[in-house]
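In case you want the letters, here they are:
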Amino acid sequence: MRQFCFHTFLIACLGTAALSALPAFYVSAAHAADSANPAQTATPPDNLSSDSVGGLFTSLKKERDAQKARVIANEIVGEWTDSGSATINLLMKWAEEAADEKRKAAAYDFLDQTILLEPDYAEAWYRRALVHFADGDTRKAMSDLNQTLEKEPRYFPALASLANILESTDRNELALKVWERYLALYPADKEAQKEVGDLSEKLAGTRS
């Protein structure tokens, strides 16, 4: 099972607590990633002025060159990272610096303030999930990842993380569905394509 650079922390920090937390997280995240209509969940209408990444997702879904697609994916992540508020961006910068310096209490404080000021900012929930994992609190990390996907169902780093969690607990059929949702957003990702192929072969072997 290959791991993507933006979610390696999830697999590295998984333990027995993750297994107990997984079902509750999956119910909500998988609903966002699998049960809804793709046009409603994965790609809201591009003409919504509040959707700053709609056009980029349209381009990402059409692009078949892996390197060009990665550039677009990075642009999307950049859009998500920029909150549009100087105050929020500064708090996020301080949180990142505190986390890098292992000052977890300060990192939590900055991220808590960010979420209080802008509760719909998915990136803050995702960043706080990183800190929770680094702190060994898998249940809280799962909760924050759940919030990430509720705020932004197209948040493909979180979908990839979810798929890897499911694979690590031998929930391969569910993992395959989440990887397929990921590829519906980011079809040129060759590693995700390989994951889908490997899982499909594994599941076909168990059914024969």
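Everything numeric here is computed off the predicted structure, so don't read it as measured data.

How each quantity is defined
- Residues numbered from 1 in each chain as written.
- Predicted model: local features only at pLDDT ≥ 70, side-chain atom pairs only at ≥ 80, totals over all residues.
- Heavy atoms only, no water.
- pLDDT = per-residue confidence, 0-100.
- Contact = heavy atoms within 4.5 Å.
- Axes fitted to C-alpha atoms, helices over the stretch in contact; angles between N-to-C directions.
- Helix = DSSP H or I, 4+ residues; strand = E, 2+ residues; numbered from the N terminus.
- Parallel < 35°, antiparallel > 145°, perpendicular 65-115°, else oblique.
- Left-handed = near helix turned anticlockwise from the far one by under 90°.
- Nonpolar A, V, L, I, M, F, W, Y, C, P; charged D, E, K, R; others polar.
- Salt bridge = Lys/Arg side-chain N within 4 Å of Asp/Glu carboxyl O.

Trainee: Whenever I open this one, the confidence of the model for the protein confuses me. Can you help?
Mentor: Detailed reading of the predicted model is not advised wherever pLDDT is low. With 75% of its residues at a pLDDT of 70 or more, the protein shows a mean pLDDT of 78. Scored below 50 in pLDDT, residues 2–50 shows 96 contacts in the model against residues more than four places distant or in partner chains.

Trainee: Looking at this structure, I do not really get the packing of helix α7 (residues 104–117) against helix α8 (residues 122–134). What am I missing?
Mentor: Any two packed helices are characterised by the angle at which their axes cross and by the distance between the axes. As a packed pair, α7 and α8 sit with axes 10 Å apart at the nearest point and diverge in direction by 155 degrees. One element, α7, and the other, α8, form an angle in the roughly antiparallel class. Pair α7 / α8 crosses with left-handed handedness. Across from Lys104, Ala107, Tyr108, Leu111, Asp112, Thr114 and Ile115 in α7, the residues of α8 making contact are Ala124, Trp125, Arg127, Arg128, Val131, His132 and Ala134. For the contact of α7 with α8, the class distribution of residues is eight nonpolar, two polar and four charged.

Trainee: Explain the pattern of salt bridges here, please?
Mentor: Side-chain pairing between opposite charges can occur once the charged atoms of the two side chains come close. In total, this model carries nine salt bridges according to the counting rule given. In this structure, lysine 104 and aspartate 135 form a salt bridge, with 3.5 Å as the shortest nitrogen-oxygen distance. Placement of lysine 104 in helix α7 and of aspartate 135 in the loop between α8 and α9 (138–151) is noted, with a sequence separation of 31 residues between them. Put simply, aspartate 120 and lysine 151 hold a salt bridge, and the shortest N to O gap is 3.7 Å.

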